[in-house]
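Topology and contacts: notes
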Amino acid sequence: MVTTLAVVVNRTGAPDVVEIAEVDVAPPADGEVTIEVRAAGVNPVDVKQFGPGTSPTFPLRLGREVAGVVTAVGDGASGPLGAISVGDEVVAYPVVGGYARAVTVAATSVFPKPRGLSFEQAANLMLVGVTAWHLLEATGVAAGDRVLVHGASGGVGLAVSQLGLLRGAEVVGTASEANQQLLRDHGVTPVVYGSGLADRVRAAAPDGVDAALDTVGTDEAIDVSLELVSDRDRIATIAAFRRGAKEGIRMLGGGPGADPGREIRTAARSELVRLADAGKLDVIVARAFPLTEAAAALELVASGHPGGQVALVP
Ligand SMILES: NC(=O)c1ccc[n+]([C@@H]2O[C@H](COP(=O)([O-])OP(=O)(O)OC[C@H]3O[C@@H](n4cnc5c(N)ncnc54)[C@H](OP(=O)(O)O)[C@@H]3O)[C@@H](O)[C@H]2O)c1
């Protein structure tokens, strides 16, 4: 059995409980491929899944998405967009244990790496992308809609803003002062979150907003959404599950009572790869860390203001 360096978690706690260990890399069985990881995407869920109060099964392997190069292909292994060969540059999602130098995954998770995206960018395309796609589908965002995106400078927020614009919607997005220009550069009308937000959104969208998409989960985001959008089926959250249930808005993803949207998310992956390959979808990587500094990468993501997405580079 071949071994590789990987990030492993053996107890709950803060990001600094993660360990770097040698783990086995299974050879690819039928329908699987082995990928030499060039970058792994770091997402908030990676930190949350072993946070205080959780009860995961240990040892826990982190990393749900990677980009890299195929080193071995099992019998009958074919991806959603076609054949996979040794040497192919690929992106894979969902995977288990992507924080590693190598990982063996189901070929059904493997797609050609979009040209024009670096490995660090490609490793951060999918998880936020499928979530963004689900937000837009669940609230029926279409051409002509004016959409409010809470947390538009974040991973999911920037993806949902770009995908909304591609659908022909207008997007008003919230972000900190520091990220207002980033939103402008992506065609989003920026507003600063914080006290007085509803009035600032009204000033930015005098004819009102048709849908509100929350990627932040604060009471402020939910309150402002409820104040500005009358149809609760057109308000969705991926983070405020307690408030969401109380208010009867759409709750999406893995939270309690939320719609996992598996079919929508599974199908979205091919679309995301096509759009990124065509240069229509930007991925902003704030920082890349060596694999051995996974704790620092997780700390940055847990801060809630990473300033873009975060990659681990083996
Ligand atoms: N349910 C699902 O399926 C699903 C899927 C993916 C992610 N999520 C969750 O969605 C959330 C966002 O994920 P992400 O990857 O997009 O995170 P991220 O890249 O860290 O983005 C965080 C965003 O929140 C903004 N923000 C931080 N504090 C804020 C505050 N007090 N008020 C308003 N905005 C604030 C940030 O703005 P500034 O940086 O400009 O301050 C940034 O735009 C996380 O909780 C994650 O766990 C859920």
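Everything discussed here concerns the structure shown above.
Reading the values: the criteria
- Residues numbered from 1 in each chain as written.
- Predicted model: local features only at pLDDT ≥ 70, side-chain atom pairs only at ≥ 80, totals over all residues.
- Heavy atoms only, no water.
- 1 Å grid on protein atoms, 1.4 Å probe; cavity = no way out; pocket = protein on both sides within 12 Å on 5 of 7 lines; lining within 4 Å.
- Points joined across faces, edges and corners; volume = space filled by probe spheres on them.
- Nonpolar A, V, L, I, M, F, W, Y, C, P; charged D, E, K, R; others polar.
- Core = buried A, V, L, I, M, F, W, Y, C linked by side-chain atoms within 4.5 Å.
- Buried < 20%, exposed > 50% of the residue type's maximum accessible area, 1.4 Å probe, protein only.
- Helix = DSSP H or I, 4+ residues; strand = E, 2+ residues; numbered from the N terminus.
- Pairing = 2+ DSSP bridges.
- Salt bridge = Lys/Arg side-chain N within 4 Å of Asp/Glu carboxyl O.
- Near = heavy atom within 4 Å.
- Polar contact = N/O pair within 3.5 Å; in protein donor to acceptor, adjacent residues only side chain to side chain.
- Areas by Shrake-Rupley, 256 points an atom, 1.4 Å probe, with all protein chains shown as cover.

Notes on the layout of surface pockets
Taking a probe equal in size to a water molecule and rolling it over the atoms shows the remaining empty space. Space inside the second largest pocket adds up to approximately 160 Å³. Val2, Val25, Thr34, Thr71 and Ala102 are the residues nearest the centre of the second largest pocket, which is lined by 13 residues in total. Residues that form the lining of the second largest pocket fall into these classes: seven nonpolar, five polar and one charged.

Remarks on the nonpolar core
Ranked by internal contacts, the top residues of the largest apolar core, which has 46 residues, are Leu125, Leu135, Leu163, Leu213 and Leu272. Broken down by secondary-structure element, the contributors of at least two residues to this core are strand E5 (66-73), helix H2 (119-122), helix H3 (126-138), strand E11 (146-150), helix H4 (155-166), strand E12 (170-175), strand E14 (211-214) and helix H9 (262-277). At nine residues, the largest contribution of residues to this core is made by H3.

What to know about the sheet that holds strand E1 (residues 2-9)
The three strands are arranged E2-E1-E4 in an open sheet whose pairing can be described as antiparallel. The strands lining the two open edges of the sheet, one partner per strand, are strand E2 (19-25) and strand E4 (60-61). Bridge count for E1 against E4 is two bridges, and the pairing is antiparallel. The partner of Val9 across the bridge, within E4, is Leu60.

Observations regarding the pattern of salt bridges
For the structure shown, the criterion picks out 14 salt bridges. One salt bridge connects Asp145 with Arg234, and the closest N-O pair in it is separated by 2.7 Å. With Asp145 in the loop between H3 and E11 and Arg234 in the loop between helix H7 (219-228) and strand E15 (235-237), the pair connects residues that are 89 residues apart, well separated along the chain. Exposure class is identical for Asp145 and Arg234. Each is buried. Salt-bridge contacts for Asp259 lead to Arg250; the nearest nitrogen and oxygen are separated by 3.8 Å. Judged by relative accessible area, Asp259 falls into the partly exposed class, the value being 29%. When its relative accessible area of 24% is taken as the criterion, Arg250 is described as partly exposed. Salt bridges linked by common partners bring Asp219, Asp223, Arg232, Arg243, Lys246 and Glu247 together as one network.

A word on the site of the ligand
Near the ligand, the surroundings consist of 23 residues, among which Lys48, Ser153, Ser176, Tyr193 and His305 are the closest. Between the ligand and Asn179, the relevant distance is 2.8 Å, taken from an oxygen atom to a side-chain nitrogen or oxygen of the residue. Starting from 940 Å² of accessible surface for the ligand in isolation, the protein chains cover 84%. Every element with two or more residues in the shell around the ligand is listed here: helix H1 (44-48), H3 and H4. Per-class residue counts for the shell around the ligand are ten nonpolar, eleven polar and two charged.

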